[in-house]
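# Remarks on the overall topology
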Amino acid sequence: MLSFDPNKVEFSTGNYIDGQYCHKNQGQIPVHRPSDGQSYADIPESGAQVVAQAVEIAEQQRIRSGWSEASPRQRGAVLRRWADLIEADAPYLGQLEALGSTRPISDVIHHEIPFTAEAIRFYGECADKYSGDLLPTRKDSLGMLVPEPYGVVGAITPWNFPLSMASWKCGPALAAGNGVVLKPSELTPFSTLRLAELAVQAGLPAGVLNIVQGSGRHTGSALVKHPQVRKVSFTGSTATGAQIMSDAGFNGMKPVTLELGGKSPQLVFNDAGDPAEVAARILRGFTANGGQACVAGTRLVVQRGIAPALIDHLLQLCQSFRPANTWQGSCQYSPLIDQRQGEKVQRLVQQCCEQGGEILTGGQRFAGTEQGWFWQPTLLSGVAADNCAVQEEIFGPVLTVQYFDDEDEGIALAQHETYGLCAGVHTLSLPVAMRAMQSLNAGTVWINRYGRSGDFIIPTGGFMGSGIGKDLGRQAFQACQRQKSVLIDF
Ligand code: TXE
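Analysis parameters
- Residues numbered from 1 in each chain as written.
- Predicted model: local features only at pLDDT ≥ 70, side-chain atom pairs only at ≥ 80, totals over all residues.
- Heavy atoms only, no water.
- Pairing = 2+ DSSP bridges.
- Helix = DSSP H or I, 4+ residues; strand = E, 2+ residues; numbered from the N terminus.
- Axes fitted to C-alpha atoms, helices over the stretch in contact; angles between N-to-C directions.
- Core = buried A, V, L, I, M, F, W, Y, C linked by side-chain atoms within 4.5 Å.
- Buried < 20%, exposed > 50% of the residue type's maximum accessible area, 1.4 Å probe, protein only.
- Contact = heavy atoms within 4.5 Å.
- UniProt positions renumbered as here; feature names shortened; annotations may be inferred.
- Expected span 1.5 Å × (residues − 1).
- Near = heavy atom within 4 Å.
- Polar contact = N/O pair within 3.5 Å; in protein donor to acceptor, adjacent residues only side chain to side chain.
- Areas by Shrake-Rupley, 256 points an atom, 1.4 Å probe, with all protein chains shown as cover.
- Parallel < 35°, antiparallel > 145°, perpendicular 65-115°, else oblique.
- Left-handed = near helix turned anticlockwise from the far one by under 90°.
- Nonpolar A, V, L, I, M, F, W, Y, C, P; charged D, E, K, R; others polar.

### Thoughts on the sheet that holds strand β6 (residues 141-149)
Spatial ordering of the open sheet is given by β5-β6-β22, a layout of three strands whose pairing is antiparallel. For this open sheet the edge positions go to β5 (133-135) and β22 (481-489), each flanked by a neighbour on one side alone. In this sheet, neighbouring strand axes are inclined to one another by 25° on average, regardless of whether the strands run parallel or antiparallel.

### Describing the nonpolar core
Counting residues in hydrophobic clusters, the biggest one holds 68 residues, and the most contacted among them are W82, I86, Y123, L174, V180, L204 and L209. Per-element accounting of this core gives the leading share, 10 residues, to helix α4 (residues 105-126). Dropping the residues within four chain positions of it, W82 is found in contact with I120, C170, L174, L195, L198, A199, A202 and L209.

### Quick word on the UniProt feature "domain: Aldehyde dehydrogenase" (unreviewed entry) in the protein chain
Here the UniProt feature "domain: Aldehyde dehydrogenase" (unreviewed entry) sits at residues 24-486. The span residues 24-486 shows a helical share of 39% and a strand share of 21%, and its end C-alpha atoms are spaced 47 Å apart.

### Points about helix α10 (residues 307-318)
Since one α-helical turn is 3.6 residues long, residues separated by three or four positions face the same way. Between the first and last C-alpha of α10 there are 16 Å, a value that for 12 residues agrees with the 16 Å anticipated at 1.5 Å per step. Its buried side turned inward, α10 meets β12 (264-268), α9 (275-287), β13 (297-303), β14 (358-361), β15 (378-381) and β16 (398-404).

### A word on the environment of T192
Along the polypeptide, T192 turns up in helix α6 (residues 190-201). With relative accessibility at 2%, the residue T192 sits in the buried group. Discounting residues that sit within four places of it in the chain, T192 has contacts with P162, A166, L182, P184 and I211.

### Focus on the site of the ligand
Of all residues adjacent to the ligand, which total 28 residues, the nearest are W159, E186, R340, K344 and E393. E186 places a polar side-chain atom, nitrogen or oxygen, 2.6 Å from an oxygen atom of the ligand. A distance of 3.2 Å separates an oxygen atom of the ligand from a polar backbone atom of G216. In isolation the ligand exposes 810 Å². Once the protein is present, 90% of that is buried.

### So, the packing of helix α3 (residues 90-100) against α4
Where α3 contacts α4, the axes come no closer than 9 Å and their chain directions differ by 120°. Overall, the two elements α3 and α4 adopt an arrangement that is oblique. Relative to α4, α3 is oriented so that their crossing is right-handed. For the pair α3 and α4, the contacting residues are A90, L93, G94, Q95, E97 and A98 in the first and I105, V108, I109, E112 and I113 in the second. Its residues assigned to classes, the contact of α3 with α4 shows seven nonpolar, two polar and two charged.

### So, the side chain of T378
Within the secondary structure, T378 is located in strand β15. Under the relative-accessibility criterion, T378 is labelled buried at 0%. Separated by 3.1 Å, the side chains of T378 and W375 make a polar contact. Discounting residues that sit within four places of it in the chain, T378 has contacts with F286, T361, G362, G363, P397, V398 and L399.

### Quick look at the UniProt feature "active site" (unreviewed entry) in the protein chain
The positions UniProt marks with the feature "active site" (unreviewed entry) are E259. When neighbours within four sequence positions are excluded, E259 is seen to be in contact with W168, F234, T235, G236, C294, L421, R452, S466 and D471.

Listed below in structure tokens is the structure:
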């Protein structure tokens, strides 16, 4: 029912600045469909001048239109209308997203779009719920912390969840009264344009949210370095996050929120419960979106007692997947985004084996999918702690398996030297779960589940190489406001 013809989806291209499409005919970067590798449109490589134009318009319009000065409730109302329009647009927006991204159409319609709308609605509700602070100063004075918008927030999003990542960045920044210039990934640029169009239809003054297209090296870097961009919010790789941190100090100083890579463990104890149920959880954790999620749980660290039954179930489940184009209603399994990502997965699996790893299942592309990169769910055992498949973020449906005997050994194996994004702990023993939670170096710990819920109040963000600051929660809203200290003598 949800299937559609990918050649019949029409969409706008170019940059979206001041509520209008521009630079449409200056396409330079071809964009490909992940399912079959076909090039279907191109985008402009926006240079520093175009970025400056977008930033200046955002700065002017947030003031002239009254957006920054509007009552928080008014801003909230616009965001809630925007969420409603996103949901109403699902039949079209869903096709646009499924056409150009790795997300199957059913997944986009049933999860990604409701999730995107709800995140924006959440920040619409935050707008008038969080205030500054009254500070305990001398009796004849009044000390206050007064929040205010930064000005223009520069947002940069990745290709793995284009719509929801845009909502995580725009929702809090706009609710707090900022203007926004967003650069989506050059691999998945079009659904974000539609999102911005819907925002204007919902009542967001034109020019408060602008979308610029281009590569990270040119457009992204120009956005980060622009002096009128007062805060940067980024989701992507750890290497690019480091570059952005350094660029943020290039032309004045600005805070950065960085949501970066991960190599998250799934720590399974003998008393985790029904191995079939635990296997289903582990499977979702590393195969959802073809493993292309920063939070993917890609290291199984399993106690020896439960291991044989758990691995048996996992092998059966892994072998049940079938590839299909993302525009087919029956598609349940994502392709890798492009050839570069496919070759990265291939290289790391090969290197893992050269370093002593053994393929239990998968380890190659699905036969007959040579146009796109559909990688078979892969289990790798025999991996030492320094194996590349244990160390590096592969960003594909690949799970390493390591075994342990006692609790301390399991927790030690679950730690990672570089990354600290998430961890899954599977045990029915409360003391074991709590000790593991306290010991693990991870910004999020899921106990007897793996993956986010619809509880937007729970922030997300990593430790160490996995990032700085939080997306979601009230923390993301507050991070889009600067705090002014005020002292009044009376
Ligand atoms: O990421 P980049 P890529 C990881 C994953 C993947 C690897 C490479 O391991 O295999 O990163 O993917 C923009 N200044 N993740 O190359 O480069 C870029 O245009 C400003 C994890 O796609 O981080 C895009 O919009 N912006 C991840 C965005 O950054 C720059 C999601 C992400 O691209 C820039 C994606 C620069 N100098 C990949 N360079 C996650 N955390 O979920 C690039 N960009």
